[in-house]
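An overview of the molecular structure
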Amino acid sequence: MPQFTVEANEIPLSPLAFLQRHISAASKSYLRQLLKKGKVKGPRGVVSEQDQLKLGDVLILPDSGRLSELLAATAQPSLEQQLFILYESREILIVDKPSGLAIHSSEGHQDRNLAALVDELIRSRGDAYQVAPIHRLDLETSGPVLFGKGKKACSELGKLFMCHEVEKSYLALVAGKTPGRGLIQSEVPSKGKTKEAQTAFQALDRNEQASLLKVTLYTGRQHQIRRQLAELGHPLFGDRRYRGQQPDALPRLFLHCCQLAFIDPFSGAPVEINSPLPADLSQFLDTVGLRYPNK
């Protein structure tokens, strides 16, 4: 019988989204019927669409000719698998962006960028509404990116960012030993003007060589984290622009958006999306003698 094990980065997914990820050739309605009819079993019995997945859960599906065909058709990675959807509702889509993938079309990224991939996904489902990213991450920064489904959704979600009602937290590795925590307030260039920027940080682990910080933004200026920490004397590892160290073992900027939290403007429900530290960054921590507490 087909079975799938829940990995750490799949815990936020609903059972339906989990099955869509692993059996991408199946329609959502087909998978939903499997759940409704009690055909999907887990460690705690029959799995329903409302259940919460846990790390290490094994979901077992029935043997059937139709399911075998769908599993064979899933051999090629789907757009859902390439993008890795962290959260989805009628108005909202949150995708985990890998380092090196641009959000928008730009020089060198005209054909393959996050916005284009998400748009292709929406069209492949037969939907015609506009989908657009509500915020941005730098090319080398990884983590969740929020998309709005349709013009109204994009407008309402955009207001959350304009009113600073979205909490964004990052993991950053910087040079030297920082204080245990702090709040950085300074003026930074922003769209031809100088604007105030506020960044809070907490050291998760540190030694004389480096500090692993959890950083929370209270404003959203371009390069805010990178610029302010460099000005404080603690540039990020892998940051060429702001004179950070460039170790051979680290191929990119050590900056990862680990959490987005906000109130869904449509349902009123709190949404908290967590993205685990990518393997390449987690492995590099060992080289500087630090440990990510949730590793």
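Above this text you will find the structure in question.
To start, this report covers the structure provided alongside it.

Rules of the game
- Residues numbered from 1 in each chain as written.
- Predicted model: local features only at pLDDT ≥ 70, side-chain atom pairs only at ≥ 80, totals over all residues.
- Heavy atoms only, no water.
- Buried < 20%, exposed > 50% of the residue type's maximum accessible area, 1.4 Å probe, protein only.
- Helix = DSSP H or I, 4+ residues; strand = E, 2+ residues; numbered from the N terminus.
- Pairing = 2+ DSSP bridges.
- Contact = heavy atoms within 4.5 Å.
- Axes fitted to C-alpha atoms, helices over the stretch in contact; angles between N-to-C directions.
- Parallel < 35°, antiparallel > 145°, perpendicular 65-115°, else oblique.
- Left-handed = near helix turned anticlockwise from the far one by under 90°.
- Nonpolar A, V, L, I, M, F, W, Y, C, P; charged D, E, K, R; others polar.
- Salt bridge = Lys/Arg side-chain N within 4 Å of Asp/Glu carboxyl O.

Quick word on the pairing of strand β6 (residues 92-97)
Of all six residues in β6, six are buried; the element is thus mostly enclosed. Sheet analysis places strand β5 (residues 85-88) next to β6, joined by three bridges and oriented antiparallel. Across the sheet, residue I85 finds its bridge partner in β6, namely V95. Taken together, β5 and the strand that follows it, β6, pair antiparallel across an intervening segment of three residues. Pairing geometry for β6 and strand β8 (residues 143-149), over six bridges, is antiparallel.

Overview of the environment of L83
Relative to the helices and strands, L83 is located in helix α4 (residues 79-83). Overall, L83 belongs to the buried group, its relative accessible area being 2%. Between the C-alpha atoms of L83 and D96, which are 13 residues apart in sequence, the distance is 6.7 Å. For L83, the residues in contact, after removing those within four places along its chain, are V95, D96, L114, L117, V118 and L121.

Considering the packing of helix α1 (residues 15-22) against helix α2 (residues 28-36)
As a packed pair, α1 and α2 sit with axes 10 Å apart at the nearest point and diverge in direction by 125 degrees. On the basis of their axis angle, the class for α1 and α2 is oblique. Note on packing geometry: the crossing formed by α1 with α2 is right-handed. Note on element contacts: α2 touches α1 through K28, L31, R32 and L35, opposite P15, L16, L19 and Q20. Residue classes in the contact of α1 with α2 are distributed as five nonpolar, one polar and two charged.

Some points on the sheet that holds β5
In space, the four strands of this open sheet follow the order β5-β6-β8-β7, with antiparallel pairing throughout. Two strands lie at the open edges of the sheet, namely β5 and β7 (131-133), each paired on one side alone. Taken over all neighbouring pairs, the strand axes of this sheet differ in orientation by 25 degrees on average, direction set aside. Together, β6, β7 and β8 form the strand contacts of helix α6 (residues 151-162), whose direction differs from that of β8 by roughly 135 degrees.

Comments concerning the sheet that holds strand β11 (residues 193-206)
Overall, antiparallel pairing links the six strands, which are arranged β10-β11-β12-β9-β13-β14 in an open sheet. Edge positions in the sheet fall to β10 (181-190) and β14 (270-274), since each of these pairs with one other strand and no more. Averaged over all pairs of adjacent strands, the angle between their axes in this sheet comes to 25 degrees, without regard to strand direction. Two strands pair when backbone bridges link them, and β11 and strand β12 (residues 210-217) are joined in this way by seven bridges, in the antiparallel orientation.

As for the pattern of salt bridges
Evaluated as defined, the whole model comprises 15 salt bridges. Its salt-bridge partner being R66, residue E69 comes within 3.6 Å of it at the nearest N-O pair. Linking E69 with R66, this pair stays in helix α3 (residues 65-73), spanning three residues, or about one helical turn. Judged by relative accessible area, which is 51%, E69 ranks as exposed. Given the relative accessible area of 47%, R66 is considered partly exposed. Several salt bridges share partner residues, and in doing so they unite R136, D138, R226 and D239 into one network.

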